[in-house]
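# Coordinate analysis (summary)
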Amino acid sequence: MGTPEATETSQDSTTDVEATIDRVLDETTTWAVVGLSTNTERAAHGVAGVLQRAGKRIVPVHPSAATVHGEPGYASLGDIPFPVDVVDVFVRSELAGDVADQAIAIGAKAVWFQLDVIDEDAAARVRAAGLDMVMDRCPAIELGRR
């Protein structure tokens, strides 16, 4: 008897995740990519390129504050002098919560934790603050599914 409800809950959860992914990809323009550097071997570099080709403005966020893909970098989210729609997080899970809190503080609309970046408590804080939250997914993969 509990099985159908459990199935409905998991389907609803999957539907919610997919709807959030679609909303974040469709309704945002400016993506701060935390962990993006000039290192072309890193996943952040390739994903940022995909986002840029999809029409997103990427904003490199890295302590080196280097220019990447033609966009000037910033050492922290708080240094960005214009609104950011999405904070795309390419840092280890144990560091992601601090980045999520910074995303809330700067007024971002969404936080996206990349593949293998998981922090349930941070995700809960993001959602409680009214932001969209995507965790353990890659926007480049999601864009490729369209």
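Residues numbered from 1 in each chain as written. Predicted model: local features only at pLDDT ≥ 70, side-chain atom pairs only at ≥ 80, totals over all residues. Heavy atoms only, no water.

## Focus: the layout of surface pockets
One number sums up the size of the largest pocket: a volume of about 200 Å³. Taken together, Asp-16, Val-17, Thr-20, Ile-21, Glu-120, Arg-127, Asp-132, Met-133, Val-134, Met-135 and Arg-137 make up the lining of the largest pocket. Of all the secondary structure elements, the ones that give two or more residues to the lining of the largest pocket are α1 (2-26), α4 (120-128) and β5 (132-134). In terms of residue count, the dominant contributor to the lining of the largest pocket is α1 (four residues). (1 Å grid on protein atoms, 1.4 Å probe; cavity = no way out; pocket = protein on both sides within 12 Å on 5 of 7 lines; lining within 4 Å. Points joined across faces, edges and corners; volume = space filled by probe spheres on them. Helix = DSSP H or I, 4+ residues; strand = E, 2+ residues; numbered from the N terminus.)

## As for the sheet that holds strand β1 (residues 30-34)
Where strands meet in a sheet, backbone hydrogen bonds hold them as pairs that are either parallel or antiparallel. Reading across the sheet, the five strands line up as β2-β1-β3-β4-β5 and stay open at both edges, with parallel pairing between neighbours. Of all the strands in the sheet, the pair left with one neighbour each is β2 (57-61) and β5. Within this sheet the neighbouring strands show an average axis-to-axis angle of 20°, counted without direction. Sheet topology places strand β4 (residues 110-113) next to β5; three bridges connect them, and they run parallel. Bridge pairing links Val-111 to Met-133 in β5. Strands in contact with α4 are β4 and β5; relative to β5, the strand with the most contacts, it is inclined by about 155°. (Pairing = 2+ DSSP bridges. Axes fitted to C-alpha atoms, helices over the stretch in contact; angles between N-to-C directions. Contact = heavy atoms within 4.5 Å.)

## Observations concerning the pattern of salt bridges
Pairs can form between side chains of opposite charge whenever their charged atoms are close. The final tally for this structure, using the stated rule, is 10 salt bridges. Shared partners join several salt bridges into a network, and the residues in it are Glu-18, Arg-137, Glu-142 and Arg-145. (Salt bridge = Lys/Arg side-chain N within 4 Å of Asp/Glu carboxyl O.)

## A closer look at helix α2 (residues 43-53)
Among all positions in α2, only Ala-44, His-45, Val-47, Ala-48, Gly-49 and Leu-51 are buried. Among the residues trailing α2, Gly-55 stands out with phi positive, at a value near 95°. (Buried < 20%, exposed > 50% of the residue type's maximum accessible area, 1.4 Å probe, protein only.)

## Side note on the environment of Ala-124
Looking at where Ala-124 falls in the secondary structure, it is placed in helix α4. Since its relative accessible area comes to 42%, Ala-124 is described here as partly exposed. Note: C-alpha distance between Ala-124 and Gly-70 (54 residues apart in sequence) is 34 Å.

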